[in-house]
Amino acid sequence: MLASLLLLQVPQSAPPTLFEDISERALPGVESAYGGARKDWIAEVNGGGVLLGDFDGDGVLDLVLVDGSTAEAAESGKPARPARLFLGKGDGTFASGGERWALPALRLGSGGGTGDIDGDGRLDLVLTDQGQVRVLLNGAEGWRESARLGEPGDWSTSAALFDADADGALDLYVARYLEFSTQFVKSRASGACRWKGHAVMCGPEGLAPQADRFYKGRGDGTFVDATKESGIGTQTPSYGLGVMALDYDADGDTDLFVANDSMPNFLWENDGAGVFREVAFARGVSHDSNGREMAAMGIAAGDLNGDLRDDLYVTVFSGEATPLYCSTKSGGYRERGMAAGISGPSIPLLGWGASMQDFDLDGDLDLAVFNGHVYPQADLPGTDTSYAQRAQLLLNDGKLRFVEAPLVAGTRVSRAAAAGDLDGDGDLDLVATRLDGPVDVLLNRAVRDSDRHHLRVRAKLPGGKVDALGARVIVDACGNRRAAEIRTSGGYQAAVPAEAHFGLGACAAVASVEVRFLSGRSVVVATPTVDQLLVVVEPASPEEGAGK
Amino acid sequence: MRGDLSDAERAALARDPATLPRSSAGRWTRFDPKALRPEDLPPRYRSALAALERRAPIAALVELYALLDETPGWPPALHQCAVLHFRLQRHTDAVACARRYLEECPDRVGETRVLGHALYTLGRHGEAREHYEAVLRAAPRDVEARRGLALSLARLGETVRARALLEEVVAAKPTHVEAWTWLARLAHDDEDLARALVAARKAVELDAFDSAPRFVLAQVLQEQGDLEAAKLERARFEQLSNAAARLRQLESDEEYAPGDPELPRQRALVHHALGDARRAEQALRRWLALRGDDLPAHLQALDLIAPSSAFAGQVAARVEELAGTDAAAWKRLEALWSERGDQARRLAAGERWRRLERGR
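The rules behind these values
- As a convention, each chain's residues are numbered from 1 in the sequence order in which they are written.
- Chains carry letters from A onward and ligands carry numbers from 1 onward, assigned in written order.
- Restriction of local features to residues with pLDDT of at least 70 applies here, the model being predicted, together with a cutoff of 80 or more for giving and counting side-chain atom pairs; totals for whole chains, interfaces and linings are based on all residues.
- Side-chain measures here rest on the full set of heavy atoms in the structure, leaving out hydrogens and waters.
- Start and end positions for the domains come from either an automated domain assignment or a database one.
- Cavities and pockets are defined on a 1 Å grid built over the protein atoms alone: a cavity is a set of grid points where a 1.4 Å probe fits but cannot escape, while a pocket is an open set with protein on both sides within 12 Å along at least five of seven lines, and lining residues are those with an atom within 4 Å of any such point.
- Grid points are joined across faces, edges and corners, and a volume is the space filled by probe spheres set on the points.
- In this text, helices come from DSSP runs of H or I with a minimum length of four residues, and strands from runs of E with a minimum of two, each type numbered from the N-terminal end.
- Gly falls in the polar group here, along with every residue not listed as nonpolar (Ala, Val, Leu, Ile, Met, Phe, Trp, Tyr, Cys, Pro) or charged (Asp, Glu, Lys, Arg).
- At least two bridges found by DSSP between two strands are what make those strands a pair.
- Helix axes are fitted only over the stretch in contact, all axes being lines through C-alpha atoms; the angle between N-to-C directions runs from 0 to 180 degrees.
- A carboxyl oxygen of Asp or Glu within 4 Å of a side-chain nitrogen of Lys or Arg is what we treat as a salt bridge.
- A simple rule labels every residue: compare its accessible area, found with a 1.4 Å probe on the protein chains alone, to the largest value its type can have, and call it buried under 20%, exposed over 50%, or partly exposed in between.
- Helices are assigned an expected span. That span is 1.5 Å times one less than the residue count.
- In what follows, a contact means two residues having at least one pair of non-hydrogen atoms within 4.5 Å.
- Once two parts are put together, the accessible area they lose, assessed with a 1.4 Å probe and summed over both, is termed the buried area.
- Disulfides are defined as cysteine sulfur pairs within 2.5 Å.
- Here the nonpolar core consists of buried residues drawn from Ala, Val, Leu, Ile, Met, Phe, Trp, Tyr and Cys, with membership extended through side-chain atoms lying within 4.5 Å.
- Any angle that is under 35 degrees is reported as roughly parallel, and any over 145 degrees as roughly antiparallel; angles of 65 to 115 degrees are reported as roughly perpendicular and all others as oblique.
- Note on convention: near helix rotated counterclockwise from far helix by under a right angle means a left-handed crossing. Clockwise means right-handed.

Now for the domain arrangement of chain B. By a frequent convention, interface size equals the accessible area lost on bringing the separate parts together. Domain annotation of chain B identifies domain 1 (1-111) and domain 2 (295-360). The C-alpha centroid of domain 2 of chain B is placed 45 Å from the C-alpha centroid of domain 1 of chain B.

With that out of the way, let us pick up empty space enclosed by the protein. Enumeration over the complete set of coordinates arrives at four cavities of 30 Å³ or more. The computed volume of the largest cavity comes to approximately 420 Å³. Around the largest cavity, the lining is made up of 33 residues, and of these Ala301, Met356, Gln357, Arg487 and Glu499 of chain A lie nearest the centre. The set of elements that each furnish at least two residues to the lining of the largest cavity consists of β21 (299-302), β25 (351-357), β29 (414-420), β35 (480-485) and β38 (500-505) of chain A. When the residues that make up the lining of the largest cavity are grouped by side-chain class, the tally is 18 nonpolar, seven polar and eight charged. The volume enclosed by the second largest cavity comes to roughly 130 Å³. Taken together, 14 residues make up the lining of the second largest cavity; nearest its centre are Ser289 and Glu335 of chain A together with His188, Phe215 and Gln219 of chain B. Sorting the residues of the lining of the second largest cavity by element identifies β24 (333-335) of chain A together with α10 (177-189) and α12 (211-224) of chain B as the ones contributing at least two each. In terms of residue class, the lining of the second largest cavity is made up of four nonpolar, five polar and five charged.

Whenever strands of a sheet pair, they do so through backbone hydrogen bonds, lying parallel or antiparallel. Residues and elements named next belong to chain A. One open sheet holds the four strands; their spatial order is β1-β32-β30-β29, and the pairing between them is antiparallel. Looking at strand neighbours, the two that pair on one side only are β1 (19-21) and β29, the edges of this open sheet. Strand-to-strand, the axes of this sheet are offset by a mean angle of 25°, without reference to chain direction.

With that out of the way, let us pick up the pattern of salt bridges. Inspection of every chain in the model, using the stated rule, returns 73 salt bridges over all chains. The residue aspartate 120 of chain A makes a salt bridge to arginine 122 of chain A at a minimum N-O spacing of 3.8 Å. For aspartate 120 of chain A, a relative accessible area of 25% puts it in the partly exposed group. The partner of glutamate 254 of chain B in a salt bridge is arginine 267 of chain B, with the nearest N and O atoms 2.7 Å apart. Here glutamate 254 of chain B is found in helix α13 (residues 227-256), whereas its partner arginine 267 of chain B is found in helix α14 (residues 262-274), with 13 residues between them in sequence. As far as burial versus exposure is concerned, glutamate 254 of chain B and arginine 267 of chain B are alike and both buried. Three or more residues joined by partner-sharing salt bridges are found here, namely Asp154, Arg176, Arg213 and Asp225 of chain A.

Here we take up helix α4 (residues 75-87) of chain B. Residue and element names in this part refer to chain B. If you check α4, its first and last C-alpha atoms are 18 Å apart, about what 13 residues at 1.5 Å a residue would give, namely 18 Å. Taken as a whole, α4 has its buried residues at Pro75, Pro76, Ala77, Leu78, Gln80, Cys81, Ala82, Leu84 and His85. Just beyond α4, the residue with positive phi is glutamine 89, at close to 60°.

Residue and element names in this part refer to chain A. Read across the sheet, five strands follow the order β6-β5-β4-β3-β37 without closing on themselves; strand pairing throughout is mixed. Only two strands of the sheet have a single neighbouring strand rather than two, namely β6 (94-96) and β37 (494-495). In this sheet, β6 lies alongside strand β5 (residues 84-88) in antiparallel orientation, the contact comprising three bridges. Opposite phenylalanine 86, over in β6, you have serine 96 as the bridge partner.

All right, on to the interface of chain B and chain A then. On the side of chain A, 34 residues touch chain B, which itself brings 38 residues to the contact. Interface area for chain B against chain A, summed over the two sides, is near 3200 Å², with a carbon-plus-sulfur share of 48%. A per-residue breakdown of the area chain B buries against chain A is headed by Arg155, Arg185 and Phe215 of chain B, which together make up 17% of the total. Where chain B touches chain A, the interface holds three salt bridges. Among the ionic pairs, glutamate 293 of chain A bridges to arginine 248 of chain B, the shortest N-O distance being 3.2 Å. Of all the secondary-structure elements, those providing two or more residues to the side of chain B that touches chain A are α1 (7-14), α5 (91-104), α8 (143-155), α10, α12 and α13 of chain B. Sort the elements by how many residues they give to the side of chain B that touches chain A and α13 of chain B lands first, with seven residues. Of the residues that constitute the side of chain B that touches chain A, the class distribution is 14 nonpolar, 13 polar and 11 charged.

The next thing to look at is the state of the cysteines. As enumerated under the stated definition, the model contains two disulfides over all chains in all. Sulfur-sulfur distance for the disulfide between cysteine 478 of chain A and cysteine 507 of chain A comes to 2.0 Å. Linking cysteine 478 of chain A and cysteine 507 of chain A, the disulfide has an S-S dihedral of approximately 90° and is accordingly described as right-handed. Placement of the pair is cysteine 478 of chain A in the loop between β34 (472-477) and β35 and cysteine 507 of chain A in the loop between β38 and β39 (510-516), with a sequence separation of 29 residues. Once the bonded cysteines of chain A are numbered in order along the sequence, the disulfide links fall as 1-2, 3-4. No disulfide involves cysteine 81 of chain B; its sulfur sits 4.3 Å from that of cysteine 97 of chain B, the nearest cysteine. Classification of cysteine 81 of chain B by relative accessible area gives buried; the value is 0%. Cysteine cysteine 105 of chain B remains unbridged, with the sulfur of cysteine 97 of chain B as its closest cysteine sulfur at 13 Å.

This brings us to the nonpolar core. With 79 residues, the main nonpolar core has Leu61, Leu64, Leu68, Trp74, Cys81, Leu166 and Trp182 of chain B as its most contacted residues. Those residues in contact with tryptophan 182 of chain B that sit more than four places away from it in its chain are Asn290 and Met338 of chain A together with Tyr120, Leu151, Ala154, Arg155 and Leu166 of chain B. Formed by 53 residues, the second largest nonpolar core is a distinct cluster that contains Ala71, Cys202, Ala295 and Leu435 of chain A.

Moving on, we come to the packing of α10 of chain B against α12 of chain B. Residues and elements named next belong to chain B. Two elements in contact, α10 and α12, have axes whose closest approach is 9 Å; the angle formed by their N-to-C orientations is 30°. One way to sum up the angle between α10 and α12 is to call them roughly parallel. The two elements α10 and α12 meet at a crossing, and its hand is left-handed. Contact residues: α10 offers Val177, Thr181, Ala184, Arg185 and His188, while α12 offers Ala212, Pro213, Val216, Gln219, Val220 and Glu223.

Rendered as structure tokens:
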């Protein structure tokens, strides 16, 4: 098809240079599978999830893949393939976790979240599913399911573990999608639903959306449904796909941004006590700049413009311009995708997992975006797009203009993605799932191929065992101040390591690193060495000094 | 949705316009469509126009492709192909047809703003800009090409020039809602809230049912701290936005199933619910055209039309023709003619339904 050729040709003229595709040796023979080959149902097109974290505590990132089954198998009660944990070897490759790390079979798994739910220093898991949410505690003997949340008919997509009320116990936001059953949703084969003249699977339009849920954590692995009390219950049920925990207004508590499919996005503003109000419209992030609701999927967040507040990049459907919401002085956002040069090239693409990080370590944030259509029929004539699509590396020129560079050769039907330093060399690597097919593992060569510097920062709660999710890290390096937040929510059905990463370019002298914890306490580390992992521990009392 | 396409229609949609045969070199270079008399039009082209008249774009495409196979490169057919593909949201094909048209008659660039529109919609804003500039060199008064150039420049981040062009657009066509909306949007982006407010209000005044300017207006009012007004505008925006999403889907479905009467009926209901009588009437006209002699459809339409409108009179006159022995229809007509103050017809209708009732 002409459209496919165009998608392939335009930005793929040069071979990828920043990332090395090590998929074949990183996860030999490992493939993700989600739904039947024909994709007759909407329940078979969103793909599985990817969760990156150090589950065995060896300092190396491990990987959990959550995926699948088919709509018919799930409906008949046949369990899906269990979620799979792979232990990182420290060089970007992985080995099966084996029996010790065996995870349960889900119904038609979506993704999940990570965090130390019971405060024992081990990284725990939440798995989302077309079924109940599973809470799995990481113990000395293996996983222990401590709770099942929601109802069997739920379809949860993304989850964010975060501390809504700064009580030290992690709470949970679960984005949910829609009511689905092969009993009442028409299949593609019925011809009832068309897109550009082609028969396609039906939905989400016309199907009943499910309202998102908020659970208050007790700190022991159990949760209480606090959707109503938290204010989250005031929402209009929407097709929730992505979620990102972030302190959007930099007021010291954690807010939430939710990407909704074909409906306005949510921005939940936290009052500090875990009570939220929805402010997406008022802050300018509910719609695109023309006031149209988008089919939003994934989210990437980071301080692009150096005002110490997170900006937002939201992946959307083909035919829609990807928005880049940049924070403004008035506390809201303006959509700057046009000025940033990203809206036009994104139009033929349908985006999912995205990450906003300084991939080339030049001192500004870049974007990695994984794309792929929901309709196999996108390869038919007249669609202006294609099923398999290129992944994008959008490099920031330092003035908030992005130039696309090849991320990985070829095209694929990508879904969830997560960034993390798999080989511990200081630059950020990528893992991305495909709807069906091999898992992409891309090793970043920025450190190896340049003399650029970096700094990684972890923040820990008093005692030094538990990640301080929600802490904000502010680095002052060579006259530039930039902020990053400690979080594990990875946007679309993904979890990322609880670590702030800063590319420093040629700057080899950092003046200070300040970590602001949710408790209101902060720690300043003066003139830390660059090219290292800095661990900052929250003092137990205001008088106590900082630990390093 | 009734979306059954004929084999010929399916084949037309599956065809890549790049495979259309080429004319002998230079055959149409001097082609002047103004020199064409109606009787000179090839039969297939007339069939295509007839299909368009009955709002069947894919059927029109079938005829155009057949014509281009018979008479390679015939310019009006290529041009119409581009327009049709754009309408069907098949923008890559629209680009291919428009480029072929320009290959055949390179001097007619002034007629090809649709190529700019297609490139713009595909996100190829740099190419769209270049093409709009070429169109404007040939046709400097083309307001839509000027609008397209402005939007392309805005997408490329050249907002100062974009704004200047949009000012030219509204100077040439003061009722251009989209240009006012974009002026509002660009001013809002620049934090010039006062200017954004004026432009957004102008756009809303021009089209009270367009959600896009209402969105900017609500945002500006919110940022200015006029929270009560912002709340009202936002509520109206949300209503319009939901309706717009539904209408987009219905309109898109209708292109592929032009004979399905349910689609214009649904459109009419959406417009009616918003209070948009003009667009509701357009949709109802389409629906009734597809329903033919269907009396219940005409009666239902009457419930969606302002009784005093000319259209209500036309529909009522048609109901009179169709009502026959349907007492309820005559009773409805009596009420309508009463509302319109047409006493003679009111009396006639009233007498008719009473007689029919008595005769039961």
